[in-house]
Amino acid sequence: MHLAIFDLDNTLIGGDSDHAWGEFLVQRSHVDGEHYRSTNDRFYRDYQRGELDISAYLEFALAPLSLLSREQLESLQREFMQEVVSALWLPRAQALIGEHRRKGHHIMIITATNRFVVEPIAAHLGVDTLLATEPEELEGRFTGRVVGEPCYRAGKVVRLHQWLAHNAVYTRGQKWFYSDSINDLPLLTEVEHPVAVDPDARLRTEAEARGWPVISLR
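Please read all numbers here as calculations on a predicted model, not as lab measurements.

Undergrad: Would you take a moment to explain the side chain of Arg-159 for this structure?
TA: Assignment of secondary structure puts Arg-159 in helix H7 (residues 154–166). For Arg-159, a relative accessible area of 10% gives the class buried. If we ignore the near neighbours within four places in the chain, the residues touching Arg-159 are Leu-131, Ala-132, Thr-133, Glu-134, Glu-149 and Cys-151.

Undergrad: I keep staring at the nonpolar core and nothing clicks. Help me out?
TA: The tendency in soluble globular proteins is for nonpolar side chains to be buried as a group. In terms of nonpolar packing, the biggest core is built from 53 residues, with Phe-6, Leu-8, Leu-12, Trp-21, Tyr-57, Ile-109 and Leu-125 touching the most fellow members. For this core, the element with the most residues is helix H3 (residues 54–67), which contributes seven residues. Discounting residues that sit within four places of it in the chain, Leu-12 has contacts with Phe-6, Asp-7, Leu-90, Ala-93, Ile-97, Ile-109 and Leu-125. Within the second largest apolar cluster, 21 residues are counted, among which are Met-108, Trp-163, Ile-182 and Val-191.

Undergrad: I'm lost on the sheet that holds strand E6 (residues 193–197) in this one. Help?
TA: Backbone hydrogen bonds are what pair the strands of a sheet, in a parallel or an antiparallel way. Taken in spatial order, the seven strands line up as E4-E3-E2-E1-E5-E6-E7 in an open sheet, and their pairing is mixed. Strands at the two margins of the open sheet, each flanked by one partner only, are strand E4 (141–147) and strand E7 (214–215). Of the pairings in the sheet, the one linking strand E3 (residues 129–138) to E4 comprises four bridges and is antiparallel in character. Within the sheet, the bridge partner assigned to Glu-137 lies in E4 and is Phe-142. With respect to the sheet, H3 is in contact with strand E2 (106–114), E3 and E4, its orientation differing from that of E4 by roughly 160°.

Undergrad: I tried to follow helix H1 (residues 17–27) on my own but got confused; where do I start?
TA: What sets the pattern is the α-helix's 3.6 residues per turn: residues three or four places apart point alike. A large share of H1 lies buried, amounting to 10 of its 11 residues. Ser-17, Asp-18, His-19, Ala-20, Trp-21, Gly-22, Glu-23, Phe-24, Leu-25 and Val-26 are the residues of H1 that are buried. Next to the buried residues of H1 lie helix H2 (33–48), H3, helix H4 (70–83), E2 and helix H6 (115–125). The N-capping residue of H1, defined by a side-chain oxygen 3.1 Å from the backbone nitrogen of Asp-18, is Asp-16. One or two positions beyond H1, positive phi appears at Ser-29, with a value near 60°.

Undergrad: Looking at this structure, I do not really get the pairing of E2. What am I missing?
TA: Remark: a regular strand shows side chains that alternate across the two faces of the sheet. Counting buried residues in E2 gives nine out of nine residues, a clear majority hidden from the surface. The side-chain alternation of E2 yields two buried faces, one formed by His-106, Met-108, Ile-110, Ala-112 and Asn-114 and the other by Ile-107, Ile-109, Thr-111 and Thr-113. Where strand E1 (residues 3–6) meets E2, four bridges bridge the pair, whose relative direction is parallel. Bridge pairing in E2 links Ile-5 to Met-108. With five bridges joining them, E2 and E3 adopt parallel strand pairing. Bridge pairing links Ile-110 to Leu-131 in E3. Viewed along the sheet, the connection from E2 through H6 into E3 turns out right-handed.

Undergrad: I'm lost on the packing of H1 against H2 in this one. Help?
TA: Between two packed helices, the angle of one axis relative to the other and the distance separating the axes together describe the packing. Close contact between H1 and H2 brings their axes to 9 Å; oriented N to C, the two are set at 175°. On the basis of their axis angle, the class for H1 and H2 is roughly antiparallel. Contact residues: H1 offers His-19, Gly-22, Glu-23, Leu-25, Val-26 and Gln-27, while H2 offers Gly-33, Tyr-36, Arg-37, Asn-40, Asp-41 and Tyr-44. Partitioned by chemical class, the residues of the contact of H1 with H2 number four nonpolar, five polar and three charged.

Basis of the calculations
- For every chain, the first residue of the written sequence is number 1, and numbering continues from 1 along that sequence.
- Per-residue local features of the predicted model are confined to residues with pLDDT of at least 70, and side-chain atom pairs are confined, for both listing and counting, to 80 or more; whole-chain, interface and lining totals are unaffected and use all residues.
- Here the side-chain values reflect all heavy atoms present in the structure, with hydrogen atoms and water set aside.
- Secondary structure follows DSSP: runs of H or I at least 4 residues long count as helices, runs of E at least 2 residues long count as strands, and numbering of each begins at the N terminus.
- Burial classes: relative accessible area under 20% of the type maximum marks a residue as buried, over 50% as exposed, and values in between as partly exposed (1.4 Å probe, protein chains only).
- By the convention used here, residues are in contact when the closest approach between their heavy atoms is within 4.5 Å.
- For this analysis, a nonpolar core means a set of buried residues of the types Ala, Val, Leu, Ile, Met, Phe, Trp, Tyr and Cys, connected via side-chain atoms within 4.5 Å.
- One requirement defines pairing of two strands: DSSP has to find at least two bridges between them.
- The axes are straight lines fitted to the C-alpha atoms, using for helices just the contacting stretch, and the angles between their N-to-C directions are given from 0 to 180°.
- Any pair of N or O atoms that falls within 3.5 Å is considered a polar contact. Within protein, one atom must be able to donate a hydrogen and the other to accept it, and sequence-neighbouring residues count only if both atoms are side-chain atoms.
- The path from the first strand over the helix to the second decides the hand: if it runs clockwise while the strands point away from the viewer, the crossover is right-handed.
- An angle counts as roughly parallel when it lies under 35 degrees, as roughly antiparallel when it exceeds 145, as roughly perpendicular when it falls between 65 and 115, and as oblique in every other case.
- Each residue gets one of three labels, nonpolar for Ala, Val, Leu, Ile, Met, Phe, Trp, Tyr, Cys and Pro, charged for Asp, Glu, Lys and Arg, and polar for the others, Gly among them.

The following block contains the structure:
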């Protein structure tokens, strides 16, 4: 059994859903306006440079979830999908997923973005498995904390191995991983078929040096 693994942001969609969600909350006045926007932008630049402090970022990014009821959040989530994510779909990405599916491969998204933001995106794309950073939820409300290993950098390798431990049929199969980001180098080096997708400059350099395929889904 073979496994086709995809990063989400700037790989399967034409933007970063985590950063876009923060901007969406600013526009809806659910966070502290310009201060939140500038902090969100700063963390995103850190991510792009491969220098993100994931603990500090998650403390920042998950805090708004703890301030709103699940009903409010789900209403915002629907608006976010309709107004923001709908503009980020990439037909070529969806076609690539379909190509793997026709070959009988199990389709997985593995993303640092938290599950609340990405679950409806993964559902739209029709993937089999979603591994994402898990926000803690108690008695129907988010706490602002994380459960388990954040799904970021080497954490993606940890989370994949945890999943494989419960899905051993895929352990010996071939694995593809598609990503745009230098932050995903740890997992790219773990699989038999690493593919750089519209990569950032550092990942492009690595891919070319290692002889990995470089493709565009834009």
